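This is what each chain is made of:
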Amino acid sequence: MKSKTVRAISKARSVHLIDIENLCCESNPTTDHVRQARDAYFEKTQPGDNDLFFVTVSSKVNLEAAVFGWGHASFSCQEGHDGADILLAKMMLEDDLENRFDKVYLASGDGGLAPFAKSLMNKGLEVEVVAVPKTLSFEYRLLGAQVSYLWLDFELAA
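Residues numbered from 1 in each chain as written. Predicted model: local features only at pLDDT ≥ 70, side-chain atom pairs only at ≥ 80, totals over all residues. Heavy atoms only, no water.

### Considerations on the overall build of the protein
The helix and strand tally for the protein stands at eight helices and six strands. Listing each helix as α and each strand as β along the protein from the N terminus yields α-β-α-α-β-α-β-α-β-α-β-α-β-α. Taken over 158 residues, the protein has a buried fraction of 47%. Put simply, of all contacts in the protein between residues at least 6 apart along the chain, 61% involve residues at least 24 apart. (Helix = DSSP H or I, 4+ residues; strand = E, 2+ residues; numbered from the N terminus. Buried < 20%, exposed > 50% of the residue type's maximum accessible area, 1.4 Å probe, protein only. Contact = heavy atoms within 4.5 Å.)

Next comes the structure, spelled out in C-alpha cells:
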C-alpha cells in the first residue's frame, strides 16, 4: 500500500484517550462499572470501525476491571496519584496524534489534562472532551473544545 493511502486511512479515524477511573467516578471501578461506562461512552461518541482506544488506570488493582469491562483497547497502568493522567498526557505530547488522527476524544474531566488538549488543538486537531458532569473541571469550559456529558446510571444513583 502506498504511503499516501496509509496516511489517508489513518487520518480518517479517531483516537480515544480514556481515564477509566475518572470516567467511572471511582478510584476502584468494578467490571460492571467499566462496562456501563463503555456502553454509555459508545452511545455518546459513536466510534468508527477503525478508531483506536487507549484505556489508562492508576492502579494495577484496576487493570482487570478495565480489561474485562472495556474489551478491545490498549491498556496502560502507571501506579500512583494521577498515574492515568500522566499516561494520557504523554500520549498527547509524544505520540504524534495530529499526524495520525482526525480527532481526539479525551474521556477525563481532570483539568490537569486541559493544557495538553489545548496543545493538540493548537496543532489543528479536533478535540472532544467526554466526561461525567461532576468530574468535569472548569478548565475545559475555557478550552474551546467540544464537551459532551456522559450520564451514567450508577453515577445518578450515588
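Following the structure, the description resumes.
### What about the pattern of salt bridges?
A complete count under the given rule lists five salt bridges for this structure. For D39, the salt bridge goes to R38, with nearest N and O atoms at 2.8 Å. Given the relative accessible area of 42%, D39 is considered partly exposed. On the basis of relative accessible area, R38 is assigned to the buried category, the value being 18%. Ionic pairing is found between K123 and E98, a salt bridge with its closest N-O pair at 4.0 Å. (Salt bridge = Lys/Arg side-chain N within 4 Å of Asp/Glu carboxyl O.)

### Describing the environment of L97
Checked against the element boundaries, L97 lands in the loop between helix 5 (83–94) and strand 4 (103–107). For the pair L97 and K123, spaced 26 residues apart in sequence, the C-alpha separation works out to 9.6 Å. In this view, L97 contacts V15, L17, M91, M92, V104, L120 and L125; residues no more than four positions away in its chain are not counted.

### Regarding the nonpolar core
Grouped together as the largest cluster of nonpolar side chains are 23 residues, with contacts concentrated most on L17, M92, L97, V104, L106 and Y140. Of all hydrophobic cores here, the second largest spans 20 residues; its members include C24, A40, V132 and L150. (Core = buried A, V, L, I, M, F, W, Y, C linked by side-chain atoms within 4.5 Å.)

### Description of helix 5
Taking 1.5 Å per residue, 12 residues should reach 16 Å; helix 5 reaches 16 Å between its end C-alpha atoms and fits that length. Among all positions in helix 5, only G83, A84, D85, L87, L88, A89, M91 and M92 are buried. Packing partners of the buried residues in helix 5 comprise strand 1 (14–19), helix 2 (20–24), strand 2 (52–57), strand 3 (74–77), strand 4 and helix 6 (114–122). (Expected span 1.5 Å × (residues − 1).)

### Some remarks on unusual backbone geometry
Look at Q46: it is not a glycine, yet its phi comes out positive at around 50 degrees. By the secondary structure assignment, Q46 is in the loop between helix 3 (31–45) and strand 2. Look at D82: it is not a glycine, yet its phi comes out positive at around 65 degrees. By the element assignment, D82 lies in the loop between strand 3 and helix 5.

### Some words on the sheet that holds strand 6 (residues 146–149)
The strand order across the open sheet formed by six strands is 3-2-1-4-5-6, and the pairing between neighbours is parallel. Each end of this open sheet is capped by a strand with a single partner; those strands are strand 3 and strand 6. Along the sheet, successive strands turn relative to each other by an average axial angle of 20 degrees, direction set aside. Relative to strand 4, strand 1 runs parallel, the two being bridged by five bridges. (Pairing = 2+ DSSP bridges. Axes fitted to C-alpha atoms, helices over the stretch in contact; angles between N-to-C directions.)

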